[in-house]
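Tertiary structure, described
Chain by chain, the residues:
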Amino acid sequence: MKQDNDFSYLIDLLGGGRRLAKNLSSFTNLTLNEKTVYSWKQQGIPDKWKPAIIKLLIKSGNDVPELFFPPGMNIYNFNSSLSESNVLLSKYKDFKRDKITNENIKSFHKNMLFLRRFEEKVGQLYGLGLIGGFCHLYIGQEAVSVGIEAAIEKDDNVITGYRCHAHLLSRGASPYKILCELMGKDEGISKGKGGSMHMFAPENNFWGGHGIVGAQVPLGTGLAFASKYKNKSSLSVTYFGDGAANQGQVYESYNMASLWNLPVIFCIENNQYGMGTSIKRASAGTDLSKHGESFGIPGYAINGMNPISVYLGALKAVKWVRDGNGPIILEMKTYRYRGHSMSDPAKYRTREEVQKMREEQDPIEFIKKELLDNSIYDDEKIQNIDNKIRAEINDLADKAKNAVLSKEDNLYKDVLFYGEDN
Amino acid sequence: MSKEPVRNAIRDAMAEEMRNDPDVFLIGEEVGEYEGAYKVSQGLIAEFGDKRIIDTPITEAGFTGLAVGASIAGLKPIVEFMTWNFAFQAIDQIINSAAKTHYMSGGLVNIPIVFRGPNGSALQVGAQHSHDLSSLFINIPGLKVVSPYDSTDAKGLMKSSIRDPNPVIFLENELLYNEVFEVPDIDYTIPLGTASIKRSGTDITITSFSRGVRAAMEAAELLYKKNISAEVIDLRTLRPLDTETIINSVKKTNRIVSVEEGWMSSGVGAEIISSITSSAFDYLDAPPERIAALDIPLPYASNLEKLCIPDKENIYNLCMTLF
């Protein structure tokens, strides 16, 4: 008969002597061999090792028997909000590949290709001098915006920094109005007064387009605050980059979001370079999805070059937030092929690095292969879709080129708001 | 009429607006259970609960940005800074996020929000806790800037600020919180952008705002004893500035002195004098003058501090040089 203080079963629960020895060794940086751990089955687990074992139990989602605690320790020493939220998250199942339909693959392809061709066009127009100022292209990162959008609802709120064209398009904003805005036209989404970095689409619940790195993070947290205040089910997807991840107000936002249990997905688009500074030169801890740990915010990294991974990973995060568990951090490991902005010396990385990413990790090539391997489309169909998208964007760009510039009577309008009737 | 300290007038204005509009809420450090570092929010958590009176961590950039985000989503936050000095931590969110978004969005997004708290010098709190931010904010298009003196104005202007669909900077003064003034018993508001003539006169115009109004009124009394009739204008709103009232006054008195407790350089006085010289130059019988805090960080020692802020004697002396 098992006694109340016989905890030998915990060794098996944690994978047996060999695995536990390995985990404890890596966990504590002390060397422990398998035989020693097996010997605990007879002799009992020494108090010295109990805290580490308790942490492993919590981490793996197992209950810790009350009598297992060594003298002077109790569950509260371990049960930080972090471990609670990690335990809870571990109970959320990963969404599996079988969730993906052919329709998903088709729409990922079409939507990503649209973003790619749109941004290529924007790059061309910039080169022609038809777009001015700062202009940040999304090329390479398409899987993130498209995958996330597929996992959220229209009445959810989205906000991001200045690399915003793709997120606007994913939300459903008019590509024509965006092109007009980029060229400073009267029909621009901000009447030509915002430009590349400052575009908003309230009817699509897209709230900018913000030019100050990291400043959109408390704003996005505030969108989530408003949802909770008004008892709405909508959540906020707050995008920022690896560069912004070191701003103080990001951590202030983590703190408040966790403290007040706000429905926000912090989505870090880690394209590995904050302007020209690689993440290794900028972040003391490069595991960005874990930066919420001390605030009790769980998070995980996702291959942001793969729209299926993004979509499935986002579905889990959306479920987490909708279930009322508060914030979560998604780190999208992604890559931008173009410079930070249109004026980028590109001295901080090699041509070969970019080429390798394009050849081996490209999200659109990946999804094309999915289409072909699963016989959803043939080469001809894929080419036709591409041609159609190119033609559509060319037409919109030509029309936008010919649109009138922002009218001078816009100049003094919209500084202050005078109410709906004015 | 009943007599109320400025502190209660501001509190009552917030409470009345919160009763009328469920989208209005108060957020800031110690506004709830502590009932305000200066007790301005006394009693509010008891009436409205912690869902609408929200204690924040000490995280000015964060909670200011969060409140602006909530405003983007349609709420009407009142953000309390324990003092305006701490708003420097949040200045990016006030200027870049709150003030500019309406314009940058081509009018698609508006930000109804009030930022409030005590501004300027108090008593011996040192340079970092004594900053007057008025001139800084009047430089920013997209903001309205309000700085009341008495209880009636504080209440009426606060109600208008909360109802305004734009970001409003509401600059209070710690030393006025305890001052008692009459407040009408009726439901009223005071429109933003209107100055108030606190004392009519014919010989010289003195403009000021916030605590400076008291010194200006005392100086006017000293001038009266010398048979000089001073008109005292309480600006009440600094942006948009009621230049019409100031110009009309100068057309009558032909002299003007601007009084402020902030620094002189590029200050509120510079703005007023510029307006007067371009719109009423021919009416001036003497150079337009201004008086402000000495051009140094405010010292701690009470004797030194007293030398820095304009008082009735300084104002009186300056006015006398114009005759």
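Per chain, the residues get numbers from 1 upward, laid out in the order the sequence is written. The naming scheme follows written order: chains are lettered A onward, ligands numbered 1 onward. Where totals are concerned, whole chains, interfaces and linings use all residues; where local detail is concerned, this predicted model gives features only for residues with pLDDT of at least 70, and gives and counts side-chain atom pairs only at 80 or more. Based on all heavy atoms of the structure, the side-chain values leave hydrogens and waters out of the count.

**What about the overall build of chain B?**
How we decide: Counting from the N terminus, the helices are DSSP H or I runs at least four residues long and the strands are E runs at least two residues long. Each radius of gyration is computed over the set of C-alpha atoms, and the globule rule expresses the reference value as 2.2 Å times the number of residues to the power 0.38. Relative accessibility decides the category of a residue: with a 1.4 Å probe and only protein chains considered, values under 20% of the type maximum give buried, values over 50% give exposed, and everything between is partly exposed. By definition, residues are in contact when any of their heavy atoms lie within 4.5 Å. The Shrake-Rupley method, run with a 1.4 Å probe sphere, supplies the accessible areas, and residue values consider only the shown protein chains as cover. Positive charges come from Lys and Arg, negative ones from Asp and Glu, while His and the chain ends are left out of the count. In this description, the location of a charge corresponds to atom NZ of lysine, CZ of arginine, CG of aspartate or CD of glutamate.
Broken down by element type, chain B carries 12 helices and 14 strands. Taken over C-alpha atoms, the radius of gyration comes to 19 Å for chain B, in line with the 20 Å a tight globule of 323 residues would show. Dimensions of chain B, computed from C-alpha atoms along their principal axes, come out at roughly 60 × 45 × 40 Å. Every one of the 323 residues in chain B was classed for burial, and the buried ones make up 62%. Within chain B, contacts between residues at least 6 apart in sequence are counted, and of these 80% link residues at least 24 apart. Approximately 12000 Å² of chain B is accessible, and the part contributed by carbon and sulfur atoms is 50%. Here chain B contributes 28 positively and 43 negatively charged side chains, and the mean placements of these two sets differ by 3 Å.

**Quick notes on the overall build of chain A**
A count of helices and strands for chain A gives 16 helices and 8 strands. Taking the principal axes of its C-alpha atoms as reference, chain A extends roughly 85 × 55 × 40 Å. Counting only residues that meet the buried cut, chain A has 55% of its 422 residues in that class. When contacts within chain A are restricted to residue pairs at least 6 apart in sequence, those whose partners lie at least 24 apart make up 72%. Considering chain A, the positive charge centre built from 53 side chains and the negative charge centre built from 50 side chains are found 3 Å apart.

**Quick word on the sheet that holds strand β7 (residues 299–303) of chain A**
Residue and element names in this part refer to chain A. Our working definition: Two strands qualify as a pair provided that DSSP identifies no fewer than 2 bridges between them. Axis definition: a line fitted to C-alpha atoms, over the contacting stretch in the case of helices. Angles run 0 to 180 degrees between N-to-C directions.
With parallel pairing, the 6 strands of this open sheet are ordered in space as β2-β1-β3-β4-β8-β7. Since the sheet does not close on itself, it has two edges, and those belong to β2 (206–209) and β7, each with one partner. Averaged over all neighbouring strand pairs, the angle between strand axes comes to 15°, with direction disregarded. For β7 and strand β8 (residues 328–333), the ladder comprises 5 bridges, and the chain directions are parallel. If you follow asparagine 303 over to β8, its bridge partner there is lysine 333. The sheet contacts of helix α7 (residues 142–151) involve β3 (236–241), β4 (264–270) and β8, and relative to β3 the element is tilted by about 170°. Along the sheet, helix α13 (residues 307–322) contacts β4, β7 and β8; its crossing angle with β7, the most-contacted strand, is approximately 160°.

**As for the environment of A:Leu179**
All names here are of chain A. Assignment of secondary structure puts leucine 179 in helix α9 (residues 175–182). Residue leucine 179 is classed as buried on the basis of its relative accessible area, which comes to 0%. With 219 residues separating them in the primary sequence, leucine 179 and aspartate 398 have C-alpha atoms 9.7 Å apart. Beyond its immediate chain neighbours, meaning those up to four positions away, leucine 179 contacts Phe118, Val122, Leu125, Ile393, Leu396, Ala397 and Ala400.

**Remarks on the environment of A:Lys369**
All names here are of chain A. In this structure, lysine 369 sits in helix α15 (residues 363–373). Classification of lysine 369 as exposed rests on a relative accessible area of 52%. When the C-alpha positions of lysine 369 and aspartate 379 are compared, they lie 10.0 Å apart, and in sequence the two are 10 residues distant.

**Notes on the interface of chain A and chain B**
Where we set the bar: Note on terms: buried area is the combined drop in 1.4 Å-probe accessible area of two parts once they are placed together, counting the loss on both. What counts as a salt bridge is simple: a side-chain nitrogen of Lys or Arg found within 4 Å of a carboxyl oxygen of Asp or Glu. Within 3.5 Å is the distance limit for a polar contact, defined as a pair of N or O atoms, with the added protein rule that one can donate a hydrogen and the other accept it, and that residues adjacent in sequence qualify only through two side-chain atoms. Nonpolar residues are Ala, Val, Leu, Ile, Met, Phe, Trp, Tyr, Cys and Pro. Charged residues are Asp, Glu, Lys and Arg, and all others, Gly as well, are polar.
On the chain B side, the residues contacting the 36 residues of chain A number 45 residues. Together, the buried faces of chain A and chain B total about 3300 Å²; carbon and sulfur atoms form 69% of this surface. One salt bridge connects B:Asp23 with A:Lys230, and the closest N-O pair in it is separated by 4.0 Å. Along the contact surface separating chain A from chain B lie 13 residue pairs in polar contact (both at pLDDT 80 or more). Within the residue set of the side of chain A that touches chain B, elements represented by two or more residues are α10 (216–229) and α11 (248–259) of chain A. Ranked by residue count, the leading element in the side of chain A that touches chain B is α10(A), at 8 residues. Residue classes in the side of chain A that touches chain B are distributed as 20 nonpolar, 10 polar and 6 charged.

**Looking at helix α4 (residues 50–59) of chain A**
Residue and element names in this part refer to chain A. Counted residue by residue, α4 has 8 buried out of 10 residues, so it is predominantly covered. If you check which residues of α4 are buried, you get Lys50, Pro51, Ala52, Ile53, Ile54, Leu56, Leu57 and Ile58. Trailing α4 by a residue or two, glycine 61 shows a phi angle of about 80°, which is positive.

**Details of the sheet that holds strand β2 (residues 24–28) of chain B**
Residue and element names in this part refer to chain B. Read from one edge of the open sheet, 7 strands run β3-β2-β4-β5-β7-β6-β12, paired in mixed fashion. Strands at the two margins of the open sheet, each flanked by one partner only, are β3 (53–55) and β12 (237–239). Between one strand axis and the next, the sheet turns through 20° on average, direction left out of account. Docked against the sheet, helix α1 (residues 6–20) engages β2, β3, β4 (76–80), β5 (113–118) and β7 (167–172), running at close to 135° with respect to β2.

**Digging into the pattern of salt bridges**
Tallying each qualifying case throughout the model produces 40 salt bridges over all chains. Residue A:Asp94 pairs with A:Lys316 through a salt bridge whose shortest N-O separation is 2.7 Å. Of this pair, A:Asp94 sits in the loop between α5 (81–90) and α6 (102–127) while A:Lys316 sits in helix α13, and the two are 222 residues apart along the sequence. Given the relative accessible area of 46%, A:Asp94 is considered partly exposed. You can call A:Lys316 buried: its relative accessible area is 11%. Put simply, A:Arg117 and A:Asp386 hold a salt bridge, and the shortest N to O gap is 2.7 Å. Separated by 269 residues along the polypeptide, A:Arg117 in helix α6 and A:Asp386 in helix α16 (residues 379–402) bring together distant segments of the chain. By the burial criterion, A:Arg117 is buried, and A:Asp386 matches it. Through salt bridges that share partners, B:Glu16, B:Glu17, B:Lys155, B:Lys159, B:Arg163 and B:Asp187 make up one connected network.

**Overview of the pairing of strand β1 (residues 157–160) of chain A**
All names here are of chain A. Burial of the side chains of β1 extends over both faces: Asn157 and Ile159 are buried on one face and Val158 and Thr160 on the other. With 3 bridges connecting them, β1 and β3 associate as parallel partners. Bridging from a neighbouring strand, asparagine 157 pairs with serine 236 of β3. Here β1 pairs with β2 via 2 bridges, running parallel. Paired with valine 158 across the strands is phenylalanine 206, a residue of β2.

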